[in-house]
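Secondary and tertiary structure notes
Listed below are the residues making up each chain.
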Number of protein chains: 2
Amino acid sequence: MALISVGTMAFDAIETPFGKVDQIVGGSGTYVAYAASNFVTPIQQISIIGYDFPQEELEQLKKRGVQLEGVEVVPDKKSFFWSGKYHLDMNTRDTLVTDLNVLADFNPVVPESYQGAEFLMLGNLSPNIQMSVIDQLKERPKLIVMDTMNFWMDIAMDDLKAVLLKVDVLMINDAEARQLSGEPSLVKAAKLILQMGPKFLVIKKGEHGALLFHENQVFAAPGLPLEEVFDPTGAGDSFAGGFIGYLAKTKDISFNNMKTAIIVGSACASFCVEKFGPNRLREVTRVDLEKRLAEFVQLVNFDIELV
Amino acid sequence: MALISVGTMAFDAIETPFGKVDQIVGGSGTYVAYAASNFVTPIQQISIIGYDFPQEELEQLKKRGVQLEGVEVVPDKKSFFWSGKYHLDMNTRDTLVTDLNVLADFNPVVPESYQGAEFLMLGNLSPNIQMSVIDQLKERPKLIVMDTMNFWMDIAMDDLKAVLLKVDVLMINDAEARQLSGEPSLVKAAKLILQMGPKFLVIKKGEHGALLFHENQVFAAPGLPLEEVFDPTGAGDSFAGGFIGYLAKTKDISFNNMKTAIIVGSACASFCVEKFGPNRLREVTRVDLEKRLAEFVQLVNFDIELV
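Report follows, based on the coordinates.

Conventions adopted
- Residues numbered from 1 in each chain as written.
- Chains lettered and ligands numbered in written order.
- Predicted model: local features only at pLDDT ≥ 70, side-chain atom pairs only at ≥ 80, totals over all residues.
- Helix = DSSP H or I, 4+ residues; strand = E, 2+ residues; numbered from the N terminus.
- Rg over C-alpha atoms; globule rule 2.2 N^0.38 Å.
- Buried ≥ 20, exposed ≤ 12 C-beta atoms within 10 Å, placed from the backbone.
- Pairing = 2+ DSSP bridges.
- Least-squares fit on C-alpha atoms with pLDDT ≥ 70 in both.
- Axes fitted to C-alpha atoms, helices over the stretch in contact; angles between N-to-C directions.
- Contact = placed C-beta atoms within 7 Å.
- Nonpolar A, V, L, I, M, F, W, Y, C, P; charged D, E, K, R; others polar.
- Parallel < 35°, antiparallel > 145°, perpendicular 65-115°, else oblique.
- Left-handed = near helix turned anticlockwise from the far one by under 90°.
- Core = buried A, V, L, I, M, F, W, Y, C linked by C-beta atoms within 7 Å.

Across its full length, chain A carries eleven helices and 13 strands. Relative to the globule expectation of 19 Å for 307 residues, the C-alpha radius of gyration of chain A, 18 Å, shows essentially globular dimensions. Overall, the C-alpha framework of chain A stretches about 70 × 45 × 35 Å when taken along its three principal axes. Out of the 307 residues in chain A, the part that is buried amounts to 50%.

Below, the structure written as structure tokens:
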């Protein structure tokens with residue numbers, strides 16, 4: 001069951017209350033690939049990198065079943081670079097630098113070998129790029145999941161709405177759900193967004209977990225209470241990767257299975273934040289994952305009988 | 001199984017984005033009594049009111065099994081009055097007026113007929129008043145639950161810490177847990193607070209639900225996603241009333257049963273916010289409660305099997 005993942009592969013500089021790294025591998029596509037490859041292969045990656053992206057990272061990804069034919073390498077430019085600093089509460093951050101570099105020319109071409117993939121993860125990119133990938137697929141995937149952000153709502157709302165009409169699952173945070181719908185109540189926001197195209201809406205609430213909306217149903221996943229959140233960078237992408245990876249593995253896109261996929265995504269995100277960049281995600285084993293999923297079961301499990 | 005509830009019975013003036021009331025019955029003791037009396041009687045109320053507190057309200061409470069012998073009536077003074085205005089997001093509010101009135105002289109005397117109660121709910125009041133009630137009980141209750149707030153941490157931290165040594169369950173919000181422990185991470189905050197006396201800690205997170213900590217265990221209850229939060233006043237007290245009422249009914253104070261009690265408390269809180277003041281809570285039936293509890297089960301229920 002192939003999964004196409006479109007997203008950035010980049011460098012980040014990150015400062016958190018716990019430390020600082022001047023250059024670490026990042027990018028939404030990187031995190032999605034690491035998380036999803038725990039569950040399904042091949043991951044058919046679509047991205048663009050510069051001459052400076054580490055060969056070892058590409059080798060690691062390949063070993064995990066990530067295909068790189070759709071990753072364009074630009075020999076005379078640098079990879080996309082983002083730098084940010086997290087506030088004390090770790091829920092908010094300031095972007096310090098955004099150097100698009102190769103990303104300015106990103107015009108993805110879907111390799112012939114990727115045709116027929118049944119799952120598509122559209123990482124947070126310009127809506128036009130997301131649309132271009134959808135348009136290139138000869139057969140519509142069984143499931144298209146889209147991530148986006150407030151930035152695109154500010155500058156390209158019409159393009160974004162056009163993509164919404166083509167996707168099955170939209171994944172945004174609570175502030176973005178309010179912005180997209182113009183409605184402060186999340187329940188009302190969800191109803192409006194489910195009329196814009198997607199049949200499923202995932203609202204990410206950071207440490208407070210996530211909500212899944214579908215028709216008149218709703219599911220709430222908690223965030224795992226963590227002693228230390230070391231670096232939140234990539235948590236949302238790891239969540240997305242775990243979510244779609246689990247769906248691709250189980251080949252079941254029902255609401256019921258998506259609830260489980262949300263928990264799997266939350267588990268991936270909870271690992272991601274334990275170290276800088278994708279460092280923790282890279283080393284997570286199957287046993288680690290199963291232990292953490294058991295923690296989620298314990299976390300929310302209760303008996304009720306109103307005697 | 002008697003439950004003593006110590007708290008205010010008062011008037012509130014409330015402004016929310018949805019409307020305004022100039023005078024409505026309120027007070028932590030009122031909300032606790034309405035919520036808890038769905039599960040257990042008698043509720044043995046300890047409070048103080050002025051000449052202006054409505055006789056009909058007292059009659060209503062009596063009908064629900066609330067004993068009022070411990071409610072002092074001051075014939076020449078007004079009841080405690082609080083006025084507040086909620087911000088657009090309903091998560092924050094400004095206090096406009098606090099008229100202590102009778103509360104300035106509150107010096108509760110536990111009636112002889114209340115002695116032997118097995119459950120004690122200490123509503124948010126000065127730590128000295130909370131301590132005085134504990135000291136007057138000839139037999140220690142099976143379970144003492146304490147609510148408090150940042151105000152007492154600011155002006156009476158030592159007194160508050162003395163009460164903490166005497167209680168089983170502390171109920172505070174996330175900001176208060178951070179203030180009490182001096183630790184921004186909630187998990188670390190919980191560990192520190194569990195060394196201050198209480199064996200159980202409930203951290204209320206408003207619309208994001210609640211966390212229950214005990215030894216090395218943690219339970220996360222979601223907030224029910226509501227289309228409209230009409231008036232959050234009393235939600236925390238309704239939560240507390242449902243929580244301790246359910247525990248008193250089931251006579252089981254294990255961690256496992258407290259998880260269920262948290263869900264019951266959350267259900268009570270979710271009703272409370274649907275109308276102004278205690279209006280909705282007053283009319284809730286057993287059937288309403290069971291339906292809502294079923295919604296909570298649906299909300300968090302997932303299957304996991306990592307194939």
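Residues and elements named next belong to chain A. The element strand S12 (residues 210-214) is extensively covered by neighbouring structure, given that five of its five residues are classed as buried. The alternating pattern of S12 places Ala210, Leu212 and His214 and Leu211 and Phe213 on opposite faces, both of which are buried. Where strand S11 (residues 200-204) and S12 come together, five bridges link them in antiparallel fashion. Considered in S12, the bridge of Phe200 is made with His214. Remark: five residues form the turn of the hairpin made by S11 and S12, two consecutive strands paired antiparallel; Gly206 in that turn has positive phi of roughly 60 degrees. Sheet topology places S12 next to strand S13 (residues 217-221); five bridges connect them, and they run antiparallel. Along S13, the bridge assignment pairs Ala210 with Ala221.

The operation linking the two copies of the chain is a rotation about an axis combined with a translation along the axis. Overlay of chain B on chain A (RMSD 0.0 Å): rotation 180 degrees, translation along the axis 0.0 Å. Such a combination of turn and shift is consistent with a two-fold rotation axis. The rotation axis passes nearest to the C-alpha of His208(B) in chain B, at a distance of 3.1 Å.

This paragraph deals with the sheet that holds S12(A). Pairing between the strands of a sheet comes from backbone hydrogen bonds, and it takes one of two forms, parallel or antiparallel. All names here are of chain A. If you trace the nine strands from one edge of the open sheet to the other, you get S5-S4-S1-S8-S9-S10-S11-S12-S13, paired in mixed fashion. Only two strands of the sheet have a single neighbouring strand rather than two, namely strand S5 (66-74) and S13. Direction aside, the axes of adjacent strands within the sheet are offset by 15 degrees on average. Alignment of strand S10 (residues 169-173) against S11, held across five bridges, turns out to be parallel. Each residue of the ladder has a partner; that of Asn173, found in S11, is Lys204.

This next bit is on unusual backbone geometry. Among all residues except glycine, the phi angle is most often negative; among peptide bonds, the trans geometry is most common. Residues and elements named next belong to chain A. Following Thr41, the chain continues into Pro42 via a peptide bond in cis, with omega recorded as -5 degrees. One non-glycine residue, Asn101, lies in positive phi territory at about 50 degrees. Locating Asn101 in the fold gives a position in the loop between strand S7 (93-99) and strand S8 (119-122). Among the residues examined, Asn101 registers 19 C-beta atoms within 10 Å and is labelled partly exposed.

All names here are of chain B. Here Ala10 lies in strand S2 (residues 10-16). Measuring from C-alpha to C-alpha, the distance between Ala10 and Gln195 comes to 34 Å, with 185 residues separating the pair along the chain. Those residues within four positions of Ala10 in sequence are excluded, and the remaining contacts are Gly26, Gly27, Ser79, Phe80, Phe81 and Trp82.

Contacts between chain B and chain A engage 32 residues on the former and 32 residues on the latter. For the side of chain B that touches chain A, the elements supplying multiple residues, two or more each, are helix H7 (186-193), strand S13 (217-221), helix H9 (255-272) and helix H11 (286-300) of chain B. A per-element tally of the side of chain B that touches chain A places H11(B) first, with five residues. Grouping the amino acids of the side of chain B that touches chain A by side-chain chemistry returns 20 nonpolar, four polar and eight charged.

Residues and elements named next belong to chain A. Relative to each other, helix H1 (residues 28-36) and helix H8 (residues 235-250) sit at 40 degrees, their axes nearing to 7 Å. When the interaxial angle is binned, H1 and H8 end up oblique. In this structure, H1 meets H8 at a crossing whose hand is right-handed. Side by side, H1 and H8 meet where Ser28, Tyr31, Val32, Ala33, Tyr34, Ala35 and Ala36 of the first sit next to Asp237, Ser238, Ala240, Gly241, Gly242, Ile244 and Gly245 of the second. Per-class residue counts for the contact of H1 with H8 are eight nonpolar, five polar and one charged.

The next subject is the environment of Val97(A). Residues and elements named next belong to chain A. Within the secondary structure, Val97 is located in strand S7. Residue Val97 is classed as exposed on the basis of its C-beta count, with 10 C-beta atoms lying within 10 Å. Sequence separation of Val97 and Arg292 is 195 residues, and the distance between their C-alpha atoms is 34 Å. The contacts of Val97, once residues within four sequence positions are left out, are Phe81, Trp82 and Ser83.

What follows concerns the nonpolar core. Formed by 190 residues in total, the largest nonpolar core has its most connected members in Met121(A), Val145(A), Met121(B) and Val145(B). In this structure Met121(B) touches Leu3(B), Ile4(B), Ser5(B), Val6(B), Val32(B), Val145(B), Ala240(B) and Ile244(B), once residues within four positions along its chain are discounted.

Attention now goes to the sheet that holds strand S6 (residues 81-86) of chain B. All names here are of chain B. Strand order in the open sheet made by the four strands is S3-S2-S6-S7, with mixed pairing throughout. The open sheet terminates on both sides in strands that have one partner only, identified here as strand S3 (19-26) and strand S7 (93-99). Between one strand axis and the next, the sheet turns through 15 degrees on average, direction left out of account. By the bridge criterion, six bridges tie S2 to S3 in an arrangement that is antiparallel. Note on S3: the bridge partner recorded for Ala10 is Gly26.

Residue and element names in this part refer to chain B. Direction vectors running N to C along helix H3 (residues 127-136) and helix H5 (residues 157-164) enclose 30 degrees, while the axes themselves pass 8 Å from each other. Classified by the interaxial angle, the pair formed by H3 and H5 is roughly parallel. Crossing of H3 against H5: the hand is left-handed. Listed contacts from H5 to Pro127, Asn128, Gln130 and Met131 of H3 are Asp159, Leu160, Ala162 and Val163. Residue classes in the contact of H3 with H5 are distributed as five nonpolar, two polar and one charged.

Residues and elements named next belong to chain B. Structurally, the position occupied by Ala2 is in the segment before strand S1 (3-6). With 139 residues separating them along the chain, Ala2 and Pro141 place their C-alpha atoms 9.9 Å apart. Those residues in contact with Ala2 that sit more than four places away from it in its chain are Pro42, Gln44, Ala117 and Glu118.

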